[in-house]
Amino acid sequence: MTFLRSISAIAFSALISTPALAAPDLANGKTIDQQKCYACHAKKTGFGNGDMIYTRSDSKVKSLADLKKMVGLCNTKLRLDLFPEDEADVTAFLNKQFYKFKP
């Protein structure tokens, strides 16, 4: 019985000490967008405005799930070397700034 209590106590303390998922850092997302995304998007639109890609009428992004996929796709294809937390930050920033999808 003591052995089981010890294991239960260890498991419980591990659960308590595990940090909760951090909220996205919008400032980091904005910085990454400006440093790694804006210039490419400005070139793609042909108007020199990288933000236009987010607000165009023929956007491929129709949901928050689409936005997450697109950020991940850009990160992988363009080898931006973003960590998963960075992808979450960029997604949160773009959603707040442009898309306004409900979570």
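Small disclaimer: the values here were computed from a predicted structure and weren't measured.

K.L.:
Help me out: how do you make sense of the overall build of the protein in this one?
P.N.:
Scanning the protein from N- to C-terminus turns up five helices and zero strands. In the protein, which comprises 103 residues, the proportion classed as buried is 28%. Considering only intrachain contacts with a sequence separation of at least 6, the fraction spanning at least 24 residues in the protein is 55%. Summing over all exposed atoms, the protein offers an accessible surface of approximately 7,800 Å²; the carbon and sulfur share of this is 61%.

K.L.:
It is not clear to me how the packing of helix α4 (residues 64–77) against helix α5 (residues 84–99) should be interpreted in this structure. Could you clarify?
P.N.:
A pair of packed helices is captured by two measures, namely the crossing angle of their axes and the spacing between those axes. Contact pair α4 / α5: the axes reach a minimum separation of 10 Å and the direction vectors enclose 130°. One element, α4, and the other, α5, form an angle in the oblique class. Like other packed secondary-structure pairs, α4 and α5 cross with a definite hand, here right-handed. Residues Leu64, Leu67, Lys68, Val71, Gly72 and Asn75 of α4 lie in contact with α5, whose contacting residues are Glu87, Val90, Thr91, Leu94, Asn95 and Tyr99. For the contact of α4 with α5, the per-class residue count stands at six nonpolar, four polar and two charged.

K.L.:
Please clarify how the environment of aspartate 86 should be interpreted in this entry.
P.N.:
Looking at the element boundaries, aspartate 86 is found in helix α5. Residues aspartate 86 and proline 24 lie 62 residues apart in sequence; the distance between their C-alpha atoms is 8.4 Å. Among all residues touching aspartate 86, those that are not within four sequence positions of it are Asn28 and Ile32.

K.L.:
Just checking my understanding: could you explain unusual backbone geometry for this structure?
P.N.:
The residue aspartate 81 is not glycine, and still its phi comes out positive at about 60°. Positionally, aspartate 81 belongs in the loop between α4 and α5. When its relative accessible area of 66% is taken as the criterion, aspartate 81 is described as exposed.

K.L.:
I'm lost on the packing of aromatic side chains in this one. Help?
P.N.:
The geometry of an aromatic ring pair is captured by two quantities: the separation of the ring centres and the angle between the planes. Following the criterion strictly, the structure yields three aromatic pairs and no others. Ring geometry for tyrosine 54 and phenylalanine 98: centres 4.8 Å apart, planes at 35°, overall tilted. Of this pair, tyrosine 54 sits in helix α3 (residues 52–55) while phenylalanine 98 sits in helix α5, and the two are 44 residues apart along the sequence. Relative to phenylalanine 101, the ring of tyrosine 99 has its centre 5.5 Å away and its plane inclined at 10°; by these criteria the two rings are stacked. Site record: aromatic cluster; members linked through ring pairs are Tyr54, Phe98, Tyr99 and Phe101.

K.L.:
Sorry if this is basic, but what is going on with the confidence of the model for the protein here?
P.N.:
Caution applies to low-pLDDT parts of the model: their predicted coordinates are not meant to be read in detail. Predicted confidence across the protein gives a mean pLDDT of 87, with 80% of residues reaching 70 or more. At the level of individual helices and strands, the protein shows its lowest average pLDDT in helix α1 (residues 2–17), which scores 53, and its highest in α5, which scores 98.

Rules of the game
- Residues numbered from 1 in each chain as written.
- Predicted model: local features only at pLDDT ≥ 70, side-chain atom pairs only at ≥ 80, totals over all residues.
- Heavy atoms only, no water.
- Helix = DSSP H or I, 4+ residues; strand = E, 2+ residues; numbered from the N terminus.
- Buried < 20%, exposed > 50% of the residue type's maximum accessible area, 1.4 Å probe, protein only.
- Contact = heavy atoms within 4.5 Å.
- Areas by Shrake-Rupley, 256 points an atom, 1.4 Å probe, with all protein chains shown as cover.
- Axes fitted to C-alpha atoms, helices over the stretch in contact; angles between N-to-C directions.
- Parallel < 35°, antiparallel > 145°, perpendicular 65-115°, else oblique.
- Left-handed = near helix turned anticlockwise from the far one by under 90°.
- Nonpolar A, V, L, I, M, F, W, Y, C, P; charged D, E, K, R; others polar.
- Phe/Tyr/Trp six-rings, centres within 6.5 Å; stacked < 30°, edge-to-face > 60°.
- pLDDT = per-residue confidence, 0-100.

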